[in-house]
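The lines below spell out each chain.
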Amino acid sequence: MVRPIQDSSSKTFFGHPRGLATLFFTEFWERFSYYGMRAILIFYMYTAVVDGGLGFSQATATAIMSIYGSLVYMSGVIGGWTADRILGPRRTIFYGGILIMVGHIALSFPGGATALFVSMFFIIIGTGFLKPNVSNVVGDLYPKEDQRRDAGFSIFYMGINLGAFIAPFIVTQVSDSAGSYHAGFGVAAVGMAVGLIVYVITGKMYLRDAGKKVPNPLKSAEKKKMSGLSLGILAGIVLIGAVVAWLQGEFSLQTVIMTVTIMGVIIPLIYFTVMMTSKKTTKEERSRLTAYIPLFLISVMFWMIEEQGSTTLALFAANRTDLSVGSFELSPGVFQSLNPMFIIILSPIFAWIWTKLGKRQPGTPRKFALGLFFAGLSFVIMMLPGILAGNTTTAVSPMWLVMSFFICIVGEMCLSPVGLSATTKLAPAAFASQTMSVWFLSDSMAQAFNAQTTQFFNAKTEILYFGIFGFGAVAFAILLFLCAPLLKKYMRGVD
């Protein structure tokens with residue numbers, strides 16, 4: 001077991017090991033760079049070339065944003081495996097930060113679409129290396145019996161959301177003041193550089209042995225086997241792309257988008273098939289996994305709505321929202337701060353609510369149903385501006401977006417933390433870590449689907465689009481609520 005950095009009586013960072021401060025600020029700056037870039041990325045893609053953008057259509061821009069998000073979550077599987085089998089979490093985090101910084105630097109210089117896709121490649125791999133492993137090292141700071149562990153993760157989670165909250169304000173302000181999207185991307189690069197400096201300097205002093213160990217290093221025979229498997233996976237991806245290109249009659253950006261969409265479905269399907277058919281999965285575990293599958297699919301539907309905050313709602317902010325507040329002019333990118341802001345506000349409230357209710361609180365399936373219900377309601381709300389105005393061209397109050405984000409985050413509080421907990425309890429013992437990877441793949445699958453659906457969003461389809469998503473989610477939420485007793489039966493005592 002990794003030796004904790006301080007004994008349980010030490011109070012250095014809000015009563016926690018000093019290494020928590022290192023990881024807090026590393027993740028703070030990583031999220032600053034990621035959300036800072038995301039706040040202006042979609043506008044950069046569809047703005048006309050003469051105005052400093054790439055001139056993509058809005059449909060293509062939203063599809064690329066969704067594929068980008070999908071691949072970020074897929075890459076977490078690669079990052080976790082690399083840390084477990086080759087580098088160990090500490091080194092994997094460092095190399096991830098380097099790749100993210102390189103990606104942002106690539107975007108900070110005018111390089112057209114080529115620079116965009118090169119940047120995305122580095123950031124996708126870098127985030128997959130960094131993000132899951134930072135959380136693992138946080139756990140290494142504490143012995144298993146340390147009662148501060150949960151509180152330490154709460155402090156760490158605050159760092160994630162603080163970085164995400166302030167980034168859109170700073171990046172959009174710099175971008176608007178300089179009259180260049182590249183200046184904003186440069187700020188994101190600086191943010192990640194600061195995070196790396198903090199990580200390297202303070203990590204040597206305070207992290208000590210945490211995260212240095214390679215938990216399950218590859219043996220020589222396994223290295224040869226993995227080389228063949230890697231080539232097989234690569235060949236599979238190329239084959240999917242080739243089939244899609246043949247069906248579409250050409251190889252294009254749409255071919256790549258469709259290929260990633262198919263991968264977003266196939267990868268979780270393979271995981272579930274392997275776990276359900278494995279001899280290592282007991283009969284009781286197979287029953288629990290059966291109950292977990294519909295929860296996974298409900299979470300996919302939830303994330304399809306939640307993740308559109310940076311696509312369809314970003315377009316709504318830019319094209320349909322009155323951005324004048326008195327003499328002050330808002331930038332559409334600042335609305336990306338609403339998500340982390342409401343998470344920061346609502347997290348302690350919901351923690352108190354569940355604690356107060358105790359045994360009277362809803363079970364896991366019904367919490368999932370509530371989460372999806374509120375997500376659907378957040379899109380039903382977005383139908384009203386167009387309906388009340390009688391058109392989808394009039395600029396409307398920014399409060400519509402504020403309400404939509406708030407209601408959706410209420411849903412996230414019911415589903416996301418509960419989903420993490422349910423995954424640890426319903427996972428087969430032999431596949432505990434891999435099942436957690438599957439949970440994050442629900443977001444990847446959601447954004448893979450969004451890459452197709454968001455292309456249908458425009459001024460003419462706005463009301464219908466929000467209505468289909470919103471009322472569809474509400475309907476499935478009600479169905480899950482009614483079926484909750486059946487799912488609980490399959491969960492075999494887990495609640």
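Refer to the structure presented above.
These notes cover the structure that comes with them. Going along each chain's sequence as written, the residues are numbered from 1 onward. Per-residue local features of the predicted model are confined to residues with pLDDT of at least 70, and side-chain atom pairs are confined, for both listing and counting, to 80 or more; whole-chain, interface and lining totals are unaffected and use all residues. Side-chain figures throughout are based on the complete set of non-hydrogen atoms in the structure, without hydrogens or water.

### Considering the overall build of the protein chain
Numbering of helices and strands runs from the N terminus, with a helix taken as a DSSP run of H or I at least four residues long and a strand as a DSSP run of E at least two residues long. A count of helices and strands for the protein chain gives 16 helices and two strands. Per-residue burial over the protein chain gives 52% buried out of 495 residues. Here a residue-residue contact requires only that any non-hydrogen atoms of the pair lie within 4.5 Å. Pairs at least 24 apart in sequence give 80% of the contacts found in the protein chain among residues at least 6 apart. For the accessible areas, the method is Shrake-Rupley and the probe is 1.4 Å, while residue cover comes only from the protein chains on display. Taken as a whole, the protein chain presents about 22,000 Å² of accessible surface, with 69% of it coming from carbon and sulfur. Each residue gets one of three labels from its accessible area relative to the maximum for its type: buried under 20%, exposed over 50%, partly exposed in between, using a 1.4 Å probe on protein chains only.

### Considering the packing of aromatic side chains
Note on aromatic contacts: the rings of Phe and Tyr and the six-membered ring of Trp form a pair at centre separations within 6.5 Å, being stacked when their planes are under 30 degrees apart, edge-to-face when over 60 apart, and tilted otherwise. Under the counting rule described, the total for this entry stands at 26 aromatic pairs. Relative to Phe466, the ring of Phe316 lies with its centre 6.4 Å away and its plane at 70°, an arrangement referred to as edge-to-face. Taken together, the residues span a long stretch of sequence, with Phe316 in helix H10 (residues 312-319) and Phe466 in helix H16 (residues 462-490) at a distance of 150 residues. Classification of Phe316 by relative accessible area gives buried; the value is 1%. Where Phe457 meets Tyr465, the ring centres are 5.2 Å apart and the plane angle is 70°; that geometry is what we call edge-to-face. Looking at Phe457, the relative accessible area reads 8%, which means it is buried. Here the aromatic cluster, defined as three or more aromatic residues joined through ring pairs, consists of Phe316, Phe379, Phe457, Tyr465, Phe466 and Phe469. Stacked on the ring of Phe481, the Lys or Arg Arg366 has its end atom at 4.4 Å from the ring centre. To sit over a ring, a charge needs its Lys NZ or Arg CZ within 6 Å of the ring centre and within 35 degrees of the ring normal.

### Describing the layout of surface pockets
The definitions used throughout rest on a 1 Å grid laid over the protein atoms alone, on which a cavity is an enclosed set of points accommodating a 1.4 Å probe that cannot get out and a pocket is an open set flanked by protein within 12 Å on both sides along at least five of seven lines; lining residues are those having an atom within 4 Å of a point. Grid points are joined across faces, edges and corners, and a volume is the space filled by probe spheres set on the points. Approximately 260 Å³ is the volume found for the second largest pocket. Along its surface, the second largest pocket is lined by 15 residues, and Arg90, Arg91, Phe94, Tyr199 and Lys212 are the ones closest to its centre. Looking at the lining of the second largest pocket, the elements with two or more residues in it are helix H3 (89-107) and helix H6 (181-206). Looking at the lining of the second largest pocket, the element that brings in the most residues is H3, giving five residues. Across the lining of the second largest pocket, the residue classes tally to seven nonpolar, three polar and five charged. Side-chain classes are defined by residue name, with Ala, Val, Leu, Ile, Met, Phe, Trp, Tyr, Cys and Pro counting as nonpolar, Asp, Glu, Lys and Arg as charged, and the others, Gly among them, as polar.

### Things to note about the nonpolar core
Nonpolar side chains tend toward joint burial in soluble globular proteins. To qualify as a nonpolar core, a set must consist of buried Ala, Val, Leu, Ile, Met, Phe, Trp, Tyr and Cys residues joined through side-chain atoms within 4.5 Å. Among the nonpolar cores identified, the biggest contains 104 residues, and Leu41, Met45, Tyr68 and Phe466 are the most heavily contacted of them. Not counting the four nearest positions on each side in its chain, Met45 is found in contact with Leu54, Gly55, Phe56, Ala61, Ile64, Met65 and Leu116.

### A short note on helix H14 (residues 399-426)
Between its terminal C-alpha atoms H14 stretches 39 Å, which fits the 40 Å expected from 28 residues at 1.5 Å a residue. One axis fitted to the seven residues ending at a residue, another fitted to the seven starting there: the angle between these axes is the bend at that residue. Along H14, the largest kink reaches about 35° and is centred on Glu412. The span expected for a helix works out to 1.5 Å for each residue beyond the first.

### Observations concerning empty space enclosed by the protein
Under the definition given, this model contains two cavities of 30 Å³ or more. In terms of lining residues, the largest cavity is bounded by Ile305, Glu306, Gly309, Leu313, Asn339, Ser378, Phe379, Ser404, Phe405, Cys408 and Ile409. Taken together, the elements giving at least two residues each to the lining of the largest cavity come down to helix H9 (283-306), helix H12 (364-381) and H14. At four residues, the largest contribution of residues to the lining of the largest cavity is made by H14. Looking at side-chain class alone, the lining of the largest cavity contains six nonpolar, four polar and one charged residues. Computed from the structure, the second largest cavity encloses a volume of approximately 40 Å³. Class assignment for the residues of the lining of the second largest cavity results in one nonpolar, four polar and three charged.

### Digging into the environment of Phe122
Turning to its location among the elements, Phe122 is positioned in helix H4 (residues 112-140). Sequence separation between Phe122 and Ala106 is 16 residues, and the spatial gap between their C-alpha atoms is 9.2 Å. Ignoring anything within four residues of it in the chain, the contact list for Phe122 reads Leu99, Ile100, Val102 and Gly103.

### Focus on the pattern of salt bridges
Within this document, salt bridges are pairs made up of a side-chain nitrogen of Lys or Arg and a carboxyl oxygen of Asp or Glu, the two lying within 4 Å of each other. Applying the stated rule across the entire model yields five salt bridges. For Glu307, the salt bridge goes to Arg38, with nearest N and O atoms at 3.4 Å. Placement of Glu307 in the loop between H9 and H10 and of Arg38 in helix H1 (residues 18-46) is noted, with a sequence separation of 269 residues between them. Residues Glu307 and Arg38 agree in their burial class; the two are buried. When the shortest N-O distance is used, the salt bridge between Arg288 and Glu284 registers 3.7 Å. Taken together, the residues Arg288 and Glu284, both in helix H9 and four residues apart, mark about one turn of the helix. On the basis of relative accessibility, which here comes to 17%, the residue Arg288 falls in the buried class.

### Considerations on the packing of H3 against H4
Between H3 and H4, whose axes approach to 7 Å, the crossing angle comes to 155°. On the basis of the axis angle, H3 is roughly antiparallel to H4. Our pair here, H3 against H4, has a crossing hand that is left-handed. Grouping the constituent residues of the contact of H3 with H4 by class yields 17 nonpolar, nine polar and no charged. Working convention: axes come from line fits to C-alpha atoms, limited for helices to the stretch in contact. Angles between N-to-C directions cover 0 to 180 degrees. Each angle receives one of four descriptions, namely roughly parallel if under 35 degrees, roughly antiparallel if over 145, roughly perpendicular if within 65 to 115, and oblique otherwise. Here a crossing is taken to be left-handed if its near helix is turned anticlockwise relative to the far helix by less than a right angle, and right-handed if that turn runs clockwise.

### Topic: the environment of Ser66
Looking at the element boundaries, Ser66 is found in helix H2 (residues 58-87). Ser66 gets classed as buried once you look at its relative accessible area, which sits at 2%. Sequence spacing of Ser66 and Thr453 is 387 residues, and the spatial spacing of their C-alpha atoms is 9.8 Å. Sequence-distant contacts of Ser66, that is, excluding residues within four places in its chain, are made with Thr311, Gln447, Asn450, Ala451 and Thr454.

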